[in-house]
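Residues per chain are reported as follows:
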Amino acid sequence: MSADGGHRCPKLEATAHGIFYKANPSYKDNDEVGYEVSSTSGKVETHTVRITVKEASFSNAKTTPEGDADL
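About the thresholds
Residues numbered from 1 in each chain as written. Predicted model: local features only at pLDDT ≥ 70, side-chain atom pairs only at ≥ 80, totals over all residues. Heavy atoms only, no water. Helix = DSSP H or I, 4+ residues; strand = E, 2+ residues; numbered from the N terminus. Buried < 20%, exposed > 50% of the residue type's maximum accessible area, 1.4 Å probe, protein only. Contact = heavy atoms within 4.5 Å. Areas by Shrake-Rupley, 256 points an atom, 1.4 Å probe, with all protein chains shown as cover. Salt bridge = Lys/Arg side-chain N within 4 Å of Asp/Glu carboxyl O.

1. So, the overall build of the protein
Across its full length, the protein holds 0 helices and 4 strands. Going from N to C terminus, the protein has its helices and strands arranged as β-β-β-β. Counting across all 71 residues of the protein, residues that qualify as buried make up 3%. The contacts of the protein with a sequence gap of at least 6 include a subset with a gap of at least 24, amounting to 15%. Here the protein has roughly 7,000 Å² of accessible surface; of this, 50% comes from carbon and sulfur atoms.

2. Regarding the pattern of salt bridges
A complete count under the given rule lists 2 salt bridges for this structure. With a closest N to O distance of 4.0 Å, glutamate 32 and arginine 50 form a salt bridge. Highlighted residues: glutamate 32 in strand E1 (residues 30-38) and arginine 50 in strand E2 (residues 44-52), separated in sequence by 18 residues. The class for glutamate 32 is partly exposed, based on a relative accessible area of 48%. We note a salt bridge from lysine 43 to glutamate 45, for which the minimum N-O separation is 3.6 Å. For lysine 43, a relative accessible area of 51% translates into the label exposed. According to the relative accessible area criterion, glutamate 45 is partly exposed, its value standing at 34%.

Here you go:
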């Protein structure tokens, strides 16, 4: 670990993008999402996230006034 608390580049700010996944409401099976991370040096890393989509269980979900479940 470095003296700065473990950060390799403490003075550099990274540009980040979010990745959001929402399955079709009737879909129940395995799925995957792929994404790439590019560094300023031009190095590109490809990553894959595997997801198991199951039927939603509403027993522990909170309901909002609009009727949407907060999962």
